Number of protein chains: 2
Amino acid sequence: MAFDGDQLSALAAVVHEGSFDAAAQRLHVTPSAVSQRIKALEQQVGRVLVLRTRPCRPTDDGEVLVRLAGQMELLGRDAMAQLVPAPGASRAAPSSRRLPVAVNDDSMSTWFPAAVADLPADVLLDLRREDQELSADLLRDGTVMAAVTADPRAVQGCRVRRLGAMRYLAVAAPDRRDRWFADGLGAEVFAAAPLLAFNREDGLQERFVASVVGRRTTTPHVHYVPSQSAFVGLVEAGLGWGMVPEVAAAPLISAGALVEIRAGRHLDVPLYWQHWALRTPTLDDLTERVVRAAAKALRPVRRHGPPSTAG
Amino acid sequence: MAFDGDQLSALAAVVHEGSFDAAAQRLHVTPSAVSQRIKALEQQVGRVLVLRTRPCRPTDDGEVLVRLAGQMELLGRDAMAQLVPAPGASRAAPSSRRLPVAVNDDSMSTWFPAAVADLPADVLLDLRREDQELSADLLRDGTVMAAVTADPRAVQGCRVRRLGAMRYLAVAAPDRRDRWFADGLGAEVFAAAPLLAFNREDGLQERFVASVVGRRTTTPHVHYVPSQSAFVGLVEAGLGWGMVPEVAAAPLISAGALVEIRAGRHLDVPLYWQHWALRTPTLDDLTERVVRAAAKALRPVRRHGPPSTAG
């Protein structure tokens, strides 16, 4: 079945912008042109594709076609770039390729920038933080074409690749470690010590406590700090203890600003690269860069066996 | 009109958790108990308070009562803390007071941690990033009791206080500045130079360009990087130029890792402390800490006149 590129773009614009009016503005056409294109597309496939709600939401069938729209756009731009010699950075960018990618916050603030620092000049990044929306949803509805995520379950239409594991250490300011953990590392001690979590979905601290104590225990004194730099800064300032990526913690441990609560004990969280099952030079190049940067910064993960939780 | 504390808590739990079932879990009661409390409250005020959607949403009247619930909870806990001597950090925390506060990302990753690093041990932080939801919405529906925001418009039921201005510098890696801006700072040059923006709502870069060029111009080569540390790291790595808070840029400029695109030219963005119009010791103490930390880190703002856009 052949699809009309303008119709697919209209659908994608309505879903991404949230309304027919905003889509029309972005596409520089009238709202009624947008409406006609989507109706024509819905007649072609014989299904409703977008719910006329506020904001507009795609149906399941609509999601498939929004993803298709993004894939076709990328393929078209990649083809253009191969037809015309790639323009240097000093040209206006009608044919520049935008890469929408979701990245989990700890990767974003540690190793991921190295993967994309030297992108070709005609490629533009559009990064999303995974803690704002689930990367699976963003992949499914076509908002992003790839994601760095701890979620190993392949999204329909996507391929999954292991990147390695991010290692987390349990750390605190030295004087706080001495004060809070003077009586050892029992359940009572953890129940009384203040700790930091990224947000309510962040279960790393509880997993660490369970791995040390040997069972799940309650940790009622939780501060929620959803920013990696604020998180590390407040652990250093002594507000609580917390799980910090080894790559961020190591220099602070060397400088004596942080100490491990229990040296040698860590959590390894495997990370995955999920991307559209689509071969284009731009996406292949990005995958290669991400895999290379991850191999330098992350720990190797064994192919089989349960997630590692102890050192 | 006297309100029932359990009924208000049930309403707040449904709005914050998104469903009657999740609210019931949090409150350790049955879903039907939650439903009965909310029906009783709706009968008392004669209005629908919560829409039974997925997730459940408060009506306008519901928002007023959710805010009331949060305020009454805080007042009650503050009263408890005054009745009973404040427990040390080493006690379980039935009476610990949770402070939900929205903070804009650049403040979160620079000066704000210093404001809250030494909170009393029985106060727990619940920080939210303002870029995820507008702080006005979070204040209105009672999710947060205070916010650091660039929005000067007082939310109903809140007080606004100026904190000072965050100064932003336009910076790039030295070799990139030499390459991209060799021909001066005209509209053509800015149209060709790649730049970083935090997200689509981030208009700082465009404002800087307009202030230098003298009119609005297009800057098509935009990378979106919604993480302060990744943003600075990628500017340093040479992906594009961008507006970076002076407090974050200054050490990198001293170290020779970044240079200003135009020395002495900056943008000052006034920041405000919006908080519930409610006097409690916990909130007063937090306000004092925030104002003190802001005074150290931010620039003074003149009381009158338009926002400063040039140096």
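Identification of chain A as HTH-type transcriptional regulator LysG from Cellulomonas terrae is taken from an unreviewed UniProt entry. Per UniProt, chain A has the following entry under Sequence similarities (unreviewed entry): "Belongs to the LysR transcriptional regulatory family."

Next up on the list: the relation of the copies chain A and chain B. Superposing chain A onto chain B takes a rotation of 180° combined with a translation of 0.1 Å along the rotation axis, leaving an RMSD of 0.1 Å. Taken together, these values place the two copies in the relation of a two-fold axis. A share of 100% of interface residues in chain A that are also interface residues in chain B marks the association as one of identical surfaces.

Of all hydrophobic cores here, the largest spans 73 residues; its most connected members are W111, F112 and W241 of chain B. Considering each element in turn, this core owes the most residues, six residues, to strand β6 (residues 158-172) of chain B. Of all hydrophobic cores here, the second largest spans 72 residues; its members include F112, A146, L163 and F190 of chain A.

With 37 residues of chain A in contact, the opposing surface of chain B contributes 37 residues. Carbon and sulfur atoms make up 58% of the area that chain A and chain B hide from each other, which totals about 3,200 Å². For the pair chain A and chain B, the interface holds two salt bridges. In this structure, the salt-bridge partner of D126 of chain B is R200 of chain A, at a minimum N-O distance of 2.8 Å.

Once that is clear, we can look at the environment of A114 of chain B. All names here are of chain B. Secondary-structure assignment places A114 in helix α6 (residues 112-116). A relative accessible area of 59% places A114 in the exposed class. The sequence separation of A114 and K296 amounts to 182 residues, and the corresponding C-alpha distance is 9.9 Å.

According to the stated counting rule, one finds 30 salt bridges over all chains in the structure shown. A salt bridge links D137 of chain A to R140 of chain A, with the nearest nitrogen and oxygen atoms 3.1 Å apart. Of this pair, D137 of chain A and R140 of chain A are both found in helix α7 (residues 135-140), three residues apart, which corresponds to roughly one turn of the helix. Accessibility expressed as a relative area gives 32% for R140 of chain A, which makes it partly exposed. Put simply, D126 and R128 of chain A together with R200 of chain B are held in one network by salt bridges that share partners.

Turning next to helix α2 (residues 20-27) of chain A. Because each turn of an α-helix spans 3.6 residues, side chains separated by three or four positions in sequence point in the same direction. All names here are of chain A. Along α2, the residues classified as buried are F20, A22, A23 and A24. Buried positions along α2 lie against α1 (5-17), α3 (31-45) and β1 (50-51). In the segment just after α2, H28 is the residue with positive phi, at about 60°.

Procedures and definitions
- Residues numbered from 1 in each chain as written.
- Chains lettered and ligands numbered in written order.
- Predicted model: local features only at pLDDT ≥ 70, side-chain atom pairs only at ≥ 80, totals over all residues.
- Heavy atoms only, no water.
- UniProt positions renumbered as here; feature names shortened; annotations may be inferred.
- Least-squares fit on C-alpha atoms with pLDDT ≥ 70 in both.
- Contact = heavy atoms within 4.5 Å.
- Core = buried A, V, L, I, M, F, W, Y, C linked by side-chain atoms within 4.5 Å.
- Buried < 20%, exposed > 50% of the residue type's maximum accessible area, 1.4 Å probe, protein only.
- Helix = DSSP H or I, 4+ residues; strand = E, 2+ residues; numbered from the N terminus.
- Buried area = accessible area lost by both parts, 1.4 Å probe.
- Salt bridge = Lys/Arg side-chain N within 4 Å of Asp/Glu carboxyl O.

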